Structure formats: structure tokens, C-alpha cells
Amino acid sequence: VLLAPGDEFVGLQRAVVAQAGPVESLGTLTVKWRVAAGTGEATHIPCDSHFPVAGCHVLVPPLQAECSPVTAATVGEPFDYGITLRNNTAALQEVQVQLADDPGFVFAGRRRDTVQVLPHDRAALTWSLVPVLPGQLKLPAIILTAEKFGARALLPQAGCGVFA
């Protein structure tokens, strides 16, 4: 990136914090750059700038979802596929849950539902899936929507499948 006088460069970095609570410092961000002191490559002076990254207070997510996929199944035999929702707040949470279509499975259970999760409690949803095709199958996506937070999530993560 070549900057002209008055230009600003903004970079976005991601920090992964293992647990909730206060974090005194996230470390130091080091930026390596060159000053153009002339027109040739040899006139570029390398520089390092070090910026301390301030600490922060990491909050527990208000709502968490955990998927319970299986890795192997038998064609024509049902298996359980489900999620557990955990409400970490002192308020009732409503979550819309939808199981996406998938041609490799037939299933039993409600395809679309709204689940109420009590304060500081858990709620579980389970579907019975039956694989109808042999081989590696991608599990049907579970779409979660929490209107209160304006959030939407897709479970399971990419690449999660079952061998039938």
C-alpha cells in the first residue's frame, strides 16, 4: 500500500481470548513499513513501529449453541441429531430454529420452531435423521435466529458430515 501525505491506513486484527473476564493487555502490535526517501529501491528505509494493544473486558456470550453430530450411520437406520441452547442471561430468550432441507436424509421432528430458553438454563432439540443414500453425507444445516440480538448462526460448521 502506497500512502500519500494525509492518507490513513486502517487494519483490522482478530484476537482470540480463551475465557471471559478482564484482560489486562492483548500484547503488542508490530507494524513493519518502509519510508520512501527517494526514487530508487535502495532509498526505502525499513522501519518497525510497536503499538501496545489495550486490555478489555471479555463478556460471556448471552446465548450459546452446541451441536451434537455423529460421524457414522447406517443407511435406513435412524440416529439422533440435535443442538443444545444455553441462555447465559437473566432474561428469557426466544430462538427460532430451522432444519434445512437435505436430499440425503429423511427426518422426524419439527422442521421449524421457536424455542424459549429460561434464564441461566438450557434447552435441547433433537431430530431423528435417517440416511437414504450411502457414502459421505453432509449433515443438514441448523439455522438459529435470535431476533433480540439481531443474530443468526448456521450449525454445524462447514465440513461436518456423516459416513453412511
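Residues numbered from 1 in each chain as written. Predicted model: local features only at pLDDT ≥ 70, side-chain atom pairs only at ≥ 80, totals over all residues. Heavy atoms only, no water.

Enquirer: Quick question: what am I supposed to make of the sheet that holds strand 10 (residues 142-146) here?
Expert: Paired through backbone hydrogen bonds, the strands of a sheet run either parallel or antiparallel to each other. With respect to topology, four strands assemble into an open sheet ordered 7-5-10-11, the strand pairing being antiparallel. Looking along the sheet, the strands with just one partner apiece sit at the ends: strand 7 (112-117) and strand 11 (151-155). Taken pair by pair, the neighbouring strands of this sheet meet at an average axis angle of 20°, ignoring direction. Two elements, strand 5 (residues 93-99) and strand 7, share six bridges in a ladder whose sense is antiparallel. Considered in strand 7, the bridge of Val 95 is made with Val 115. (Pairing = 2+ DSSP bridges. Helix = DSSP H or I, 4+ residues; strand = E, 2+ residues; numbered from the N terminus. Axes fitted to C-alpha atoms, helices over the stretch in contact; angles between N-to-C directions.)

Enquirer: How do you make sense of the sheet that holds strand 3 (residues 63-68) when you look at a structure like this?
Expert: On the basis of which strands lie adjacent, the open sheet formed by four strands has the order 3-4-8-6 and antiparallel pairing. The sheet is open, and its two edges are formed by strand 3 and strand 6 (105-108), each paired on a single side. Averaged over neighbouring strand pairs, the angle between their axes works out to 25° when direction is ignored. As paired strands, strand 3 and strand 4 (residues 79-87) are joined by six bridges and run antiparallel to one another. Note on strand 4: the bridge partner recorded for Gln 64 is Arg 86.

Enquirer: Whenever I open this one, unusual backbone geometry confuses me. Can you help?
Expert: Most peptide bonds adopt trans geometry, and most residues besides glycine take a negative phi value. Positive phi, normally seen in glycine, also occurs at His 120, with a value near 50°. On the accessibility criterion, His 120 (58% relative accessible area) is exposed. (Buried < 20%, exposed > 50% of the residue type's maximum accessible area, 1.4 Å probe, protein only.)

Enquirer: Please clarify how the packing of aromatic side chains should be interpreted in this entry.
Expert: Each pair of aromatic rings is reported with the distance of its centres and the angle of its planes. Scanning the model with the defined rule gives two aromatic pairs in all. Between Phe 79 and Phe 105 the ring centres are 6.1 Å apart and the planes differ by 70°, which places this aromatic pair in the edge-to-face class. Of the two residues, Phe 79 sits in strand 4 while Phe 105 sits in strand 6, which places them 26 residues apart along the sequence. Judged by its relative accessible area of 10%, Phe 79 falls in the buried class. Ring centres of Tyr 81 and Trp 127 lie 6.4 Å apart, and the angle between their planes is 45°; this geometry places the pair in the tilted category. Here Tyr 81 is found in strand 4, whereas its partner Trp 127 is found in strand 8 (residues 122-131), with 46 residues between them in sequence. (Phe/Tyr/Trp six-rings, centres within 6.5 Å; stacked < 30°, edge-to-face > 60°.)

Enquirer: Got a minute to help me understand the pattern of salt bridges in this structure?
Expert: Where charged atoms from two side chains of opposite charge come close, those side chains can pair. Tallied over the entire structure, the rule returns two salt bridges. Measuring nitrogen to oxygen at the nearest pair gives 2.3 Å for the salt bridge that ties Arg 111 to Asp 101. Of this pair, Arg 111 sits in the loop between strand 6 and strand 7 while Asp 101 sits in the loop between strand 5 and strand 6, and the two are 10 residues apart along the sequence. In this structure, the salt-bridge partner of Asp 113 is Arg 110, at a minimum N-O distance of 3.7 Å. Overall, the relative accessible area of 24% leaves Asp 113 in the partly exposed class. (Salt bridge = Lys/Arg side-chain N within 4 Å of Asp/Glu carboxyl O.)

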